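An overview of the molecular structure
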Amino acid sequence: MTSGSPIQFPSDFLWGSSTASYQVEGAVREGGRTPSIWDTFSHTPGKTHRGDTGDTACDHYHRYRDDVALMSRMGLQAYRFSVSWSRVQPTGRGPAVQQGLDFYRALSDELLAAGITPVLTLYHWDLPQELEDAGGWPVRDTAQRFADYAALVAEALGDRVELWTTLNEPWCSAFLGYGSGVHAPGRTDPAAALRAAHHLNLAHGLGTQALRAALPARAQVMVSLNPAYVKPRTDTPADRDAARQIDALATRVFSGPMLHGRYDDDLIADTSRITDWSHVRDGDTQLIRQPLDALCVNYYTPSVVSAAEDDGEVERRDGHGASEHSPWPGADRIAFHQAPGEQTAMGWSIDPTGMSELLLRFSREAPGLALYVTENGAAYDDKPDADGRVHDPERIAYLHQHISAVHDARAAGADVRGYFLWSLMDNFEWSYGYSKRFGAVRVDYDTLERIPKSSADWYAQLARTGLLPEVPEG
Ligand code: FCB
């Protein structure tokens, strides 16, 4: 690749990597942990690729010390992990289980001893099954349960963890979990999906209040969204309107109440056939709008949409698995299209413009708000070569493009403070099981051996110097 002017990030820019509890921990029956909706779902025949489950995953629960050593070798300054709710509060109610909290304490201590900042996500999709049995996210009480859980974790870890995020990608929890059903708990009820979205918002608001009450003043409270970078296929009014609808359902349904204390009128109107929104009580949206220390953006791929010309054209795929049920309540006449250009092994097309555009959007929408990229990365079918090394030039190229886009956004005024690669290591990719590899480190699922790929070395160079390395030739 030809070199332009060098891309240098400031020395206080945080370079990290992300994982999530159910995707890496394993040890699902240890220390008093009870099933989450993902245990139930993955053990339900037909729900995941080849019936894969997170029972063992990467065995991070037992191997976390080695994994932190690996992070040190990669020069990482931060590690974003999530807490398994049913490991620390098995029924989703009542007192915490000490052994569960101890695991996250030990992990945080190991990170701090290695000079790596722990970044804790409270909820990365693994609701305790008992709470789903009581109605799950479509039920208002689940938001209060989340706030109580947030307080328990904050009391136990507030002395050592400074960076907190409430939810990861509530869009997936609500619309894949209760709409298209490709994620746990696998329900396919559009009205329930919209109620789930509101109660996740409420959980964020109540959870943020609970964290503020329990954490020292220096703690930072944030949330990770996966806003859509939506492009109309053509510039016609009908296609532009399709893009507007998806923007409302993908992004503004969360950023509206969280940043501005409101649901937009067009969202309410578009979904009026599905719900009258009477589950939103007076004061809710103001409660959801809590002051945030930063907004975190996860970005992978753009969405190209058009007004469907006939019903047959409506493409139900959404990138996380196919379903005959739509994850877009009320948006029945919208078609999704493959964007031109290269794709990753997920079939996700590559467009780094989305990264800079989304960061700039939020920096304009919420002036002064700090931003982080808490997920970005790519799956490829990389394999070890004869000498046992894993060369993944496509992943390096993807990262280079997207990190350049982060730099562009900073240069244009977005206050982006850090970037987290998804993922530290190959792991359980939800309904795709172990068939999709996102890691900078390869995991051999027979031996659980970790093998850093060439992207791990490339990323280490970046993390150590802040200077974006070139993409190696060939
Ligand atoms: C995101 C999820 C993460 C992982 C990546 C590929 O939507 O937050 O757990 O599955 O996609």
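In this text the structure is predicted, and so the values were computed from the model without any measurement. Residue numbers here run from 1 along each chain, matching the order of that chain's written sequence. Reporting of local features is limited, given that this is a predicted model, to residues whose pLDDT is at least 70; pairs of side-chain atoms are given and counted only at 80 or more, and all residues count toward the totals for whole chains, interfaces and linings. The side-chain figures draw on all heavy atoms in the structure; neither hydrogens nor water molecules are used.

This part covers the packing of aromatic side chains. Pairing of aromatic side chains requires ring centres within 6.5 Å, counting the rings of Phe and Tyr and the six-membered ring of Trp. Pairs whose planes differ by under 30 degrees are stacked, by over 60 edge-to-face, and all others tilted. The final tally for this structure, using the stated rule, is 34 aromatic pairs. Taken together, a centroid distance of 6.5 Å and an interplanar angle of 55° make the contact between Trp137 and Phe146 tilted. Summary of the burial criterion: residues with accessible area below 20% of their type's maximum are buried, those above 50% are exposed, and those between are partly exposed, where the area comes from a 1.4 Å probe applied to protein chains only. Taking the relative accessible area as the measure of exposure, Trp137 reaches 0% and is therefore buried. Seen in terms of ring centroids, Tyr300 and Trp348 are 5.3 Å apart; in terms of plane orientation they differ by 65°. Their pairing is edge-to-face. Linking Tyr300 in the loop between strand S7 (294–298) and strand S8 (303–307) with Trp348 in the loop between strand S9 (334–337) and helix H13 (353–365), this pair joins segments that are 48 residues apart in sequence. Each member of the pair, Tyr300 as well as Trp348, is classed as buried. Our definition puts a charge over a ring when NZ of Lys or CZ of Arg is within 6 Å of the ring centre and also within 35 degrees of the ring normal. Here the basic side chain of Arg361 rests over the ring of Phe362, its NZ or CZ set 5.6 Å away from the ring centre. Note on conventions: DSSP H or I runs of at least 4 residues are helices, E runs of at least 2 residues are strands, and numbering of each starts at the N terminus.

Moving on, we get to the sheet that holds S9. Note on pairing: DSSP must find at least two bridges between two strands before they are called paired. The strand order across the open sheet formed by three strands is S6-S8-S9, and the pairing between neighbours is mixed. Lying at the two open borders of the sheet, with one neighbouring strand each, are strand S6 (230–232) and S9. Strand-to-strand twist across the sheet, computed as the mean angle between neighbouring axes with direction ignored, equals 35°. Direction of pairing for S6 relative to S8: parallel, over a ladder of three bridges. Residue Val230 lies in a different strand from S8, and its bridge partner there is Ser303. In this description, contact between two residues means that some pair of their heavy atoms is separated by no more than 4.5 Å. Fitting a line to C-alpha atoms yields each axis, with helices limited to the stretch in contact; the angle taken between N-to-C directions then spans 0 to 180 degrees. Taken strand by strand, helix H10 (residues 237–260) contacts S6, S8 and S9, and its axis lies near 125° from that of S8.

What follows covers the sheet that holds strand S2 (residues 78–82). Around the barrel, which closes on itself, the eight strands sit in the order S1-S2-S3-S4-S5-S7-S10-S11 with parallel pairing between neighbours. Direction aside, the axes of adjacent strands within the sheet are offset by 25° on average. The pairing of strand S10 (residues 370–375) with strand S11 (residues 416–422) spans three bridges and is parallel. Among the inter-strand pairings, Leu371 is bridged to a residue of S11, identified as Val416. Its contacts with the sheet put helix H5 (residues 98–113) on S2 and strand S3 (117–123), and the angle it makes with S2 is roughly 170°.

Let us now look at the pattern of salt bridges. Where charged atoms of side chains with opposite charge meet at close range, the side chains can pair. Each salt bridge in this description consists of a side-chain nitrogen of Lys or Arg and a carboxyl oxygen of Asp or Glu lying within 4 Å of one another. Within the structure shown, the criterion is met by 36 salt bridges. For the salt bridge of Arg252 with Asp247, the shortest nitrogen-to-oxygen distance reads 2.8 Å. A single burial state applies to Arg252 and to Asp247, both of which are buried. Of the charged contacts in the structure, one is a salt bridge between Arg437 and Asp426, with a shortest N-O distance of 2.5 Å. With Arg437 in the loop between S11 and strand S12 (441–443) and Asp426 in the loop between S11 and S12, the pair connects residues that are 11 residues apart, well separated along the chain. Taken together, the salt bridges that share partners define one network made up of Asp241, Arg244, Asp247, Arg252, Arg262, Asp264, Asp266, Asp270, Arg361 and Glu365.

Structural measurements only, silent on function.
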